[in-house]
Amino acid sequence: MSNVKTIDTSRLLLRQSNIEDAAFFLELLNSPKWLQFNGDRNVYTIKDAKNYIIERILPQPKQLGFGNYTVLSKIDGIKIGSCGLYNREGVDGVDIGFAFLPTYESLGYAFESAQALLNMGKNKLKLSKISALTTEENLQSQRLIEKLGLKFIKKIKIPNDCETLRLYTITF
């Protein structure tokens, strides 16, 4: 599987996340919606953020050829969000996920970046299916997932998570 390092869209540059993104991840993982819908990842310092990146983000591109991308605005190069394809325990196949800093929500960036990753998954990685998970309460993510063309399948629980999640999939 080829390792796709960057993806261009009309307004965004998605590049594989790296250790230099530690300050950004410290902010993102402690933003109100991240904490509400994804939970506390115990990332409270730059050192914690670097460890999170090393342990949770960097292994997947090396193993699978895809993973987490930091989303940057093409206008000013500012890191605005995160979007990725993941091999998540408890999910059959590849899972797409996204999170943006509060300032950059509801501006179409999550849709634009997630659509680019779906296209990459289908066309470059030759995936036959991509899934998405969200909580019952995260209506904004549910709307975006459905706008991307994924269909609700069922409610599931994944390992090491007590919350019931909504599973969506799209097949190519």
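That block above? That's the structure.
It should be emphasised that the depicted structure is a prediction, and the values quoted were computed from it without experimental measurement. (Residues numbered from 1 in each chain as written. Predicted model: local features only at pLDDT ≥ 70, side-chain atom pairs only at ≥ 80, totals over all residues. Heavy atoms only, no water.)

**Student:** What should I look at first to understand the side chain of S131 in this one?
**Tutor:** With respect to the element layout, S131 can be found in strand β6 (residues 129-135). Look at S131 and you get buried, because its relative accessible area is 1%. (Helix = DSSP H or I, 4+ residues; strand = E, 2+ residues; numbered from the N terminus. Buried < 20%, exposed > 50% of the residue type's maximum accessible area, 1.4 Å probe, protein only.)

**Student:** Explanation requested: the side chain of T135 in the structure shown.
**Tutor:** Structurally, the position occupied by T135 is in strand β6. In this structure, T135 is in contact with F37, Q142, E163, L165 and R166, ignoring residues within four places of it in sequence. (Contact = heavy atoms within 4.5 Å.)

**Student:** How do you make sense of the sheet that holds strand β5 (residues 94-100) when you look at a structure like this?
**Tutor:** The strands making up a sheet are joined through hydrogen bonds of the backbone, oriented either antiparallel or parallel. Taken together, the eight strands give an open sheet; going across it, the order is β1-β2-β3-β4-β5-β6-β8-β7, and neighbouring strands pair in mixed fashion. Edge strands, defined here as strands with exactly one partner in the open sheet, are β1 (6-8) and β7 (151-156). Averaged over all neighbouring strand pairs, the angle between strand axes comes to 25 degrees, with direction disregarded. The sheet contact formed by β7 and strand β8 (residues 165-171) spans five bridges and is antiparallel. Note on β8: the bridge partner recorded for K155 is R166. Here helix α6 (residues 139-147) sits on the sheet in contact with β5, β6 and β8, set at roughly 165 degrees to β6. (Pairing = 2+ DSSP bridges. Axes fitted to C-alpha atoms, helices over the stretch in contact; angles between N-to-C directions.)

**Student:** It is not clear to me how the pattern of salt bridges should be interpreted in this structure. Could you clarify?
**Tutor:** Pairing between side chains of opposite charge can happen when the charged atoms of each approach one another. Within the structure shown, the criterion is met by nine salt bridges. Among the salt bridges present, the one from E136 reaches K155, with a minimum N-O distance of 3.2 Å. With a gap of 19 residues between them, E136 in the loop between β6 and α6 and K155 in strand β7 connect regions that are remote in the sequence. By relative accessible area, E136 is classed as partly exposed at 29%. (Salt bridge = Lys/Arg side-chain N within 4 Å of Asp/Glu carboxyl O.)

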